[in-house]
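Chains, contacts and geometry: an overview
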Amino acid sequence: EIYDEPFGDVSGIPTTLVSQLARKDVTVSLSADGGDEIFAGYDKHITSLHHHNQFAKIPFTARKIIESGMCHIDPDKIPYLKNTYNFETKYRKLKNVITLQHAVDIMKLTSQYFTFNQTQELLKEPLVALPTHFDDMVSSHNDEMNHMLAVDYKTYLVDDILTKVDRAGMSVGLEGREPLLDYRLIEFTAQLPSHFKYRDGKQKWLLKEITHKYLPKKLMDRPKQGFGVPITEWFKDELEKYFYIYLDQNRLVKEGLFNADKVIEMRDKYLDGDKESAAKLWRILMFEMWYERWVWDV
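What you see is a predicted model; the values in this text were computed from it and never measured.

What follows is about the layout of surface pockets. Volume-wise, the second largest pocket comes out at about 600 Å³. Lining the second largest pocket are 25 residues, with Glu-1, Tyr-3, Trp-282, Met-286 and Met-289 positioned closest to its centre. No other element matches helix H17 (residues 278–294), which puts seven residues into the lining of the second largest pocket. Within the lining of the second largest pocket, the residues separate by chemical class into 17 nonpolar, three polar and five charged.

Rendered as structure tokens:
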């Protein structure tokens, strides 16, 4: 009802609740969105750069051999690991990551909830990969970290974060302002070498150095906390009924978009206690609820 599109970010729920609380006192609010995207604040930036640097030490031919070997191993046949959380997806991602040449490609792959092949298995029709800003090339003088940041604020920031905050706020009549997205600040930081953003293991280094002049250091130097909700627990309790309503075999077959058997297999594995990803099922559920509301009259 609020997002008017199949929006999959579960943090849209707490963002809407926080907006409701803020609206009791104000009609305009300030938000700090953009800080992570322009100052390297996400762990995915650091992890992708680390993988890139580590794999770059291995000759490309050797990496291709490893990838080829992993193609012949069924992750469901690997003892112990096959029962760990979301192992199949992690295994397939690792297989593909090994041969990637750029950190931004690693970030793209590791950020996906479904790999391309998994998405294809879920759909009835052939999947066509369309170009996105993940495929943009930046000028050669820029480094791997800055490349990732440039992609992030043209994809994740605008299509997820800002969409989430805008729709959540406006659903209760709250306007959000984004001072960190002033175009002059973006243009300035985009030209800075990445060691001003990530240095000696510290994320958002420059931003923190400035704020330490005005705010207590102990207030700023704390572990990063996400804005998530316990959907894994919810889906096994009060939200379980939604699985049986929207991820129903007959419904999916009649709709004709998804491979019904594959979706039901994922659903039942999760409900039976296997280490299936609740985040994947959440996204299918959000699509189905949106599709029923705006497109398909069941």
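Next comes the rest of the description.
All right, on to a nonpolar patch on the surface then. Taken together, the side chains of Ile-210, Tyr-214, Leu-215 and Leu-219 make up a nonpolar region of the molecular surface, amounting to roughly 410 Å² of accessible area. When its relative accessible area of 40% is taken as the criterion, Leu-219 is described as partly exposed.

Below, the discussion takes up unusual backbone geometry. You will see that Asp-4, though not glycine, has its phi angle at about 60 degrees, which is positive. Looking at Asp-4, the relative accessible area reads 48%, which means it is partly exposed. In the Ramachandran plot, Ala-40 falls in the positive-phi region, its phi being about 60 degrees despite a non-glycine side chain. Note that Ala-40 resides in the loop between helix H2 (35–39) and helix H3 (43–55).

With that out of the way, let us pick up the packing of aromatic side chains. For the structure shown, the criterion picks out 13 aromatic pairs. Both rings, one in Tyr-242 and one in Tyr-246, keep their centres 6.3 Å apart while their planes meet at 10 degrees; by these two values the pair is stacked. Of the two residues, Tyr-242 and Tyr-246 are both situated in helix H14 (residues 240–246); the distance of four residues between them amounts to about one turn of the helix. The class of Tyr-246 is buried, set by a relative accessible area of 12%. A centroid spacing of 5.7 Å and a plane angle of 50 degrees characterise the contact between Phe-287 and Trp-290, whose relative ring orientation is tilted. Separated by three residues within a single helix, Phe-287 and Trp-290 lie in helix H17, roughly one turn from each other. Through a chain of ring-to-ring contacts, three or more aromatic side chains come together here, namely Phe-258, Phe-287, Trp-290, Tyr-291 and Trp-296. Over the ring of Tyr-156 we find Lys-44; its NZ or CZ atom is 4.3 Å from the centre of that ring. Looking at Arg-283, its charged tip hangs above the ring of Tyr-113, at a distance of 3.7 Å from the centre.

Calculation criteria
- Residues numbered from 1 in each chain as written.
- Predicted model: local features only at pLDDT ≥ 70, side-chain atom pairs only at ≥ 80, totals over all residues.
- Heavy atoms only, no water.
- 1 Å grid on protein atoms, 1.4 Å probe; cavity = no way out; pocket = protein on both sides within 12 Å on 5 of 7 lines; lining within 4 Å.
- Points joined across faces, edges and corners; volume = space filled by probe spheres on them.
- Helix = DSSP H or I, 4+ residues; strand = E, 2+ residues; numbered from the N terminus.
- Nonpolar A, V, L, I, M, F, W, Y, C, P; charged D, E, K, R; others polar.
- Patch = residues over 30% accessible without salt bridge, like charges linked within 9 Å, V, L, I, M, F, W, Y side chains within 5 Å.
- Areas by Shrake-Rupley, 256 points an atom, 1.4 Å probe, with all protein chains shown as cover.
- Salt bridge = Lys/Arg side-chain N within 4 Å of Asp/Glu carboxyl O.
- Buried < 20%, exposed > 50% of the residue type's maximum accessible area, 1.4 Å probe, protein only.
- Phe/Tyr/Trp six-rings, centres within 6.5 Å; stacked < 30°, edge-to-face > 60°.
- Lys NZ or Arg CZ within 6 Å of the ring centre and 35° of its normal.

Taken by themselves, the reported measurements are silent on function.
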